[in-house]
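Coordinate analysis (summary)
Okay, here's what each chain looks like letter by letter:
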Amino acid sequence: AAIKERDKDVGDHGKKAEAMIAQAHAEAAKAQMELYAYQISQSTIRAPYDGILLKGDLTTRIGQKLQLGEELHEMAPNDRLRVEAKVAERDIQNVKLGAAGRLATDALPMDKYTFHVSRIIPVAKAEEGASEFVVYGEPDSAEAAEGHPDWRPGMAGEIRIDVGHKRLAWIWTHRLIDFLRLKLWM
């Protein structure tokens, strides 16, 4: 409409100002159209790797504006699985890098897989009233490292990490003694 108005006013010398205004409106509309095309091209979501979507149902966010850098999805790679464990604050001092461990998933409780501790995040997270540390492990077997056919990212289970040999009396009493030391300031 702005272009038609401009073309009509260009022929009339008395309406040069209106023609320039119509030209400016046409350029503004074109710039806005290019901006929308750019924003649409940037709105395409592409993952940096093939994987499985763990979290991120955007159907509830249709029509909402999102902030730059806001997490939309959580994905896990298909090709290499790793163990992520939460270790209680009272037990983290016993876990060392390279320590061996065993994993049994809830879905496959009879299958045990070995792994070794590859990373300990040194910051505790408060979850469900307790502080926990996140510990990552790498599977030892080639089958587990490449992904067991029945494994899926996000599976839960139980792990046991070897922390060395302790006397039976220490195993039975160390938590009680630690609790008493804390309460009595010994």
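Scope of this entry: the structure provided in the associated data block. (Residues numbered from 1 in each chain as written. Predicted model: local features only at pLDDT ≥ 70, side-chain atom pairs only at ≥ 80, totals over all residues. Heavy atoms only, no water.)

**Quick word on the overall build of the protein chain**
In terms of helices and strands, the protein chain carries four helices and eight strands. For the protein chain, the α and β elements follow one another from N to C terminus as α-α-β-β-β-β-β-β-β-α-β-α. A buried classification covers 19% of the 186 residues belonging to the protein chain. Residue pairs at least 24 apart in sequence account for 56% of intrachain contacts in the protein chain once pairs closer than 6 positions are excluded. Element-wise, carbon and sulfur atoms account for 56% of the exposed surface of the protein chain, whose accessible area totals about 14800 Å². (Helix = DSSP H or I, 4+ residues; strand = E, 2+ residues; numbered from the N terminus. Buried < 20%, exposed > 50% of the residue type's maximum accessible area, 1.4 Å probe, protein only. Contact = heavy atoms within 4.5 Å. Areas by Shrake-Rupley, 256 points an atom, 1.4 Å probe, with all protein chains shown as cover.)

**Section: helix α2 (residues 16-42)**
The end-to-end C-alpha distance of α2, which contains 27 residues, comes to 39 Å, matching closely the 39 Å that a straight helix rising 1.5 Å per residue would cover. Every buried residue belonging to α2 is among A19, A22 and A26, and all of these are buried. (Expected span 1.5 Å × (residues − 1).)

**So, the pairing of strand β3 (residues 83-88)**
Side chains of β3 alternate between two faces, with V83, A85 and V87 buried and E84, K86 and A88 left unburied. Both β3 and strand β7 (residues 130-139) contribute to a ladder of six bridges, which runs antiparallel. Looking across to β7, one finds that A85 is bridged to V135. (Pairing = 2+ DSSP bridges.)

**Observations concerning the nonpolar core**
I92, V95, F115, V117, V135, W151 and I161 are the most contacted members of the largest nonpolar core, which totals 15 residues. Those elements giving two or more residues to this core turn out to be β3, β5 (113-120) and β7. Among the elements that take part in this core, β5 stands out by supplying three residues, more than any other. The residues contacting V95, other than those within four sequence positions of it, are V87, V117, I120, V135, I161 and V163. (Core = buried A, V, L, I, M, F, W, Y, C linked by side-chain atoms within 4.5 Å.)

**A closer look at the side chain of T105**
The topology assignment puts T105 in strand β4 (residues 100-105). Accessibility expressed as a relative area gives 7% for T105, which makes it buried. Of note is the side chain of T105, whose polar atom sits 3.0 Å from the backbone nitrogen of L108. (Polar contact = N/O pair within 3.5 Å; in protein donor to acceptor, adjacent residues only side chain to side chain.)

**Quick word on a nonpolar patch on the surface**
A contiguous nonpolar patch, built from L168, W170, I171 and W172 and spanning about 470 Å² of accessible area, is present on the exposed surface. Mapped onto the elements of the fold, I171 is located in helix α4 (residues 168-184). (Patch = residues over 30% accessible without salt bridge, like charges linked within 9 Å, V, L, I, M, F, W, Y side chains within 5 Å. Salt bridge = Lys/Arg side-chain N within 4 Å of Asp/Glu carboxyl O.)

**Looking at α4**
Helix length check: α4, at 17 residues, gives a terminal C-alpha distance of 24 Å against a target of 24 Å (1.5 Å per residue), a fit within 8%. Of all the bends found along α4, the most pronounced is centred on H174 and spans about 50°. Positive phi shows up at W185, right after α4, with a value of about 55°. (Bend = angle between axes of the 7 residues up to and from the residue.)

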